[in-house]
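# Examining the three-dimensional arrangement
Now for the letters of each chain:
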Amino acid sequence: MMRNYSIAEVSEVKTVGIVGGTGYGALELLRFIQLHPELTVTKLFSHRQTGMEIQDEYGHLKELTDLSLQSLSVEEAESLDILFFATPKAVAKEWIPSLANKSMQIIDLSGDLRLSAADYEAWYNEEAAEEPLLEKAVYGLPEWNKQRISNAEIISNPGCFPTSTLLAIKPLKKLILKQNQNMVIVDGKTGVSGAGRTQNPLTHFSNTNENVQTYKTGSHQHQPEMERYASEMTGLNIHVQLTTHLIPMTRGLLCTIYIPLKEGVTIAEVRAAYMHDYQNEAFVRVLPEGVMPATKHVYGSNYCDIGFYLNEKTGWLTVCSAIDNLVKGASGQALQNLNIMNGWDETLGLTGYPLFP
Ligand SMILES: NC(=O)C1=CN([C@@H]2O[C@H](COP(=O)(O)OP(=O)(O)OC[C@H]3O[C@@H](n4cnc5c(N)ncnc54)[C@H](OP(=O)(O)O)[C@@H]3O)[C@@H](O)[C@H]2O)C=CC1
Ligand SMILES: CC(=O)N[C@@H](CCC(=O)OP(=O)(O)O)C(=O)O
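This is a predicted model, so every value here is computed, not measured.

Each value, and the rule that gives it
Residues numbered from 1 in each chain as written. Chains lettered and ligands numbered in written order. Predicted model: local features only at pLDDT ≥ 70, side-chain atom pairs only at ≥ 80, totals over all residues. Heavy atoms only, no water. Pairing = 2+ DSSP bridges. Helix = DSSP H or I, 4+ residues; strand = E, 2+ residues; numbered from the N terminus. Contact = heavy atoms within 4.5 Å. Axes fitted to C-alpha atoms, helices over the stretch in contact; angles between N-to-C directions. Near = heavy atom within 4 Å. Polar contact = N/O pair within 3.5 Å; in protein donor to acceptor, adjacent residues only side chain to side chain. Domains from an automatic or database assignment. UniProt positions renumbered as here; feature names shortened; annotations may be inferred. Buried < 20%, exposed > 50% of the residue type's maximum accessible area, 1.4 Å probe, protein only. Areas by Shrake-Rupley, 256 points an atom, 1.4 Å probe, with all protein chains shown as cover. Phe/Tyr/Trp six-rings, centres within 6.5 Å; stacked < 30°, edge-to-face > 60°. Lys NZ or Arg CZ within 6 Å of the ring centre and 35° of its normal. Buried area = accessible area lost by both parts, 1.4 Å probe.

This next bit is on the sheet that holds strand E2 (residues 39-45). Across the sheet, seven strands lie side by side as E3-E2-E1-E4-E5-E7-E6; this open sheet has parallel pairing. Only two strands of the sheet have a single partner each, and these edge strands are strand E3 (69-70) and strand E6 (138-139). Here strand E1 (residues 14-19) runs beside E2; their pairing, made up of six bridges, is parallel. Looking at the pairing, Thr-15 lines up with Thr-40 of E2. Docked against the sheet, helix H4 (residues 92-99) engages strand E4 (82-85), strand E5 (105-108) and strand E7 (154-156), running at close to 165 degrees with respect to E4.

The structure is reproduced here in structure tokens:
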């Protein structure tokens with residue numbers, strides 16, 4: 001028996017395919033799209049587990065969907081209205097050129113299209129996508145560039161640490177101390193689902209349980225992404241000192257960001273800057289004075305919670321920014337982008353409360 005709780009009328013909705021159909025990003029897309037009135041997932045692509053149903057792989061989907069996993073081909077994909085790539089690096093950039101002319105909307109959750117060719121090759125250790133594709137892809141951070149997203153055919157969905165960090169930095173454009181090289185320190189913490197479903201020694205239970213550890217120090221691929229877009233959005237030349245930590249939890253990501261401000265800037269000016277940029281944004285919650293965010297408060301949701309503290313002696317601002325890495329850090333933001341591309345309310349499918357406790 002199949003339990004159909006979908007609110008979509010299948011004949012009138014846009015069809016969606018997901019590549020990387022067995023991964024965590026895909027699971028989150030399935031969860032949100034099931035509540036979306038304009039969309040239905042019709043194809044799940046897998047390169048390894050074709051022929052089986054997704055409910056056979058994931059017990060939480062039992063009797064909820066009979067979607068099968070199939071191999072990706074241009075022929076199978078070209079009839080779709082929308083295609084998400086929830087795949088590891090270097091997959092989307094190979095497929096998109098043969099699909100991009102099919103009047104299909106494409107959203108890539110990987111890092112393939114976020115950086116310049118030179119930076120991608122240096123930080124991802126892969127050959128970069130062709131320049132026309134890099135130019136065509138729009139960086140999908142809705143609270144920064146909604147207009148460009150609304151006209152985009154291909155979205156490069158931001159990374160999880162950059163989403164949290166860039167949302168914290170953007171409103172401070174006029175308040176950051178101007179130097180030849182503007183230094184921002186980012187102390188990032190993430191749960192293990194950030195590494196996806198594939199087992200690896202870093203995220204193994206024995207290594208993660210009751211342990212806090214840094215990883216990819218000095219080599220994290222999100223450093224150039226933060227630098228590129230923080231510089232573009234502020235007009236400053238921003239350099240980031242990033243340290244990422246793995247925390248023994250499944251979901252959640254919190255960045256603590258240290259930013260030197262111009263002399264004399266007050267906490268009231270800081271608050272005014274955040275309220276100016278975010279009071280009309282559906283998914284950014286600027287917390288009241290003295291309240292700092294927690295990953296539990298955004299768990300399973302598309303919210304980004306931001307709190308801050310100004311040390312008047314040093315002139316440094318501490319901003320804490322919490323998201324769910326799989327939602328605002330990946331699939332939720334991808335769906336928010338798709339809503340904007342189609343002129344729909346950007347919250348469609350994404351209005352569920354965070355899960356607590
Ligand atoms: N997890 C997170 O919090 C975030 C993830 N991202 C990015 O989103 C993307 C998806 O992440 P996530 O879902 O967590 O990753 P997962 O590892 O959970 O899933 C990726 C899926 O991609 C498929 N895949 C693997 N290799 C290939 C290949 N060579 N060709 C085609 N498909 C392949 C696999 O499915 P199958 O074997 O069935 O084909 C796998 O299930 C990644 O690029 C990740 O870096 C971005 C932000 C946050
Ligand atoms: C715990 C863990 O490994 N998290 C991953 C999350 C980033 C990610 O998913 O990669 P892209 O954004 O580059 O696609 C990491 O820190 O690399």
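So, next bit.
Our focus in this paragraph is the site of ligand 1. The full set close to ligand 1 counts 25 residues, and Thr-22, Gly-25, Ser-46, His-47 and Thr-87 are the nearest of them. Between ligand 1 and Arg-48, the relevant distance is 3.1 Å, taken from an oxygen atom to a side-chain nitrogen or oxygen of the residue. At 3.0 Å from a nitrogen atom of ligand 1 is found a main-chain nitrogen or oxygen belonging to Ser-193. Looking at the shell around ligand 1, the elements with two or more residues in it are helix H1 (24-33) and helix H12 (327-341). Here the shell around ligand 1 spans two domains, since at least three of its residues come from each of domain 1 (10-158 + 329-341) and domain 2 (162-326).

Per the UniProt record, "active site" (unreviewed entry) is annotated on Cys-160. Mapped onto the fold, Cys-160 is located in helix H8 (residues 160-169). A residue is classified by how much of its surface remains accessible, and Cys-160, at 14% relative accessible area, is buried. Apart from the residues lying within four places of it in its own chain, the contact partners of Cys-160 are His-222, Leu-253, Ile-323, Asn-325 and Gly-329.

Right, let's talk about the site of ligand 2 for a bit. Around ligand 2 there are 17 residues in total, and Arg-114, Tyr-215, Lys-216, His-220 and His-222 lie nearest to it. Separating an oxygen atom of ligand 2 from a side-chain N or O atom of Tyr-215 is a distance of 2.6 Å. Contact between ligand 2 and Lys-216: an oxygen atom at 2.5 Å from a side-chain N or O atom of the residue. Taken by itself ligand 2 offers 430 Å² of open surface, and the protein chains cover 83% of this.

One pass over the structure, following the stated rule, counts six aromatic pairs. A centroid spacing of 6.0 Å and a plane angle of 70 degrees characterise the contact between Trp-144 and Tyr-229, whose relative ring orientation is edge-to-face. In this pair, Trp-144 is assigned in helix H7 (residues 142-150) and Tyr-229 in helix H10 (residues 222-234), connecting sequence segments 85 residues apart. Classification of Trp-144 by relative accessible area gives partly exposed; the value is 25%. Classification of Tyr-229 as buried rests on a relative accessible area of 5%. Grouping aromatic residues by their ring pairs yields a cluster made of Tyr-139, Trp-144 and Tyr-229. A cation over an aromatic ring shows up here: Arg-31 above the ring of Phe-32, its NZ or CZ 4.5 Å from the ring centre. Just above the ring of Tyr-299 sits the side chain of Arg-251; from NZ or CZ to the centre is 5.8 Å.

What follows concerns the side chain of Thr-163. By the secondary structure assignment, Thr-163 is in helix H8. On the basis of relative accessibility, which here comes to 0%, the residue Thr-163 falls in the buried class. Separated by 3.0 Å, the side chains of Thr-163 and Gln-333 make a polar contact.

Structurally, the position occupied by Lys-146 is in helix H7. Under the relative-accessibility criterion, Lys-146 is labelled partly exposed at 25%. Remark: the alpha-carbon pair of Lys-146 and Met-341, spanning 195 residues in sequence, is separated by 8.9 Å.

Let us look at the domain arrangement of the chain. For the chain, the domain assignment lists domain 1 (10-158 + 329-341) and domain 2 (162-326). Measuring from the centre of the C-alpha atoms in domain 1 to the corresponding centre in domain 2 gives 25 Å. Taken together, the contact between domain 1 and domain 2 spans 29 residues of the former and 31 residues of the latter. For the pair domain 1 and domain 2, the summed buried area comes to about 2500 Å², and 55% of that belongs to carbon and sulfur atoms.

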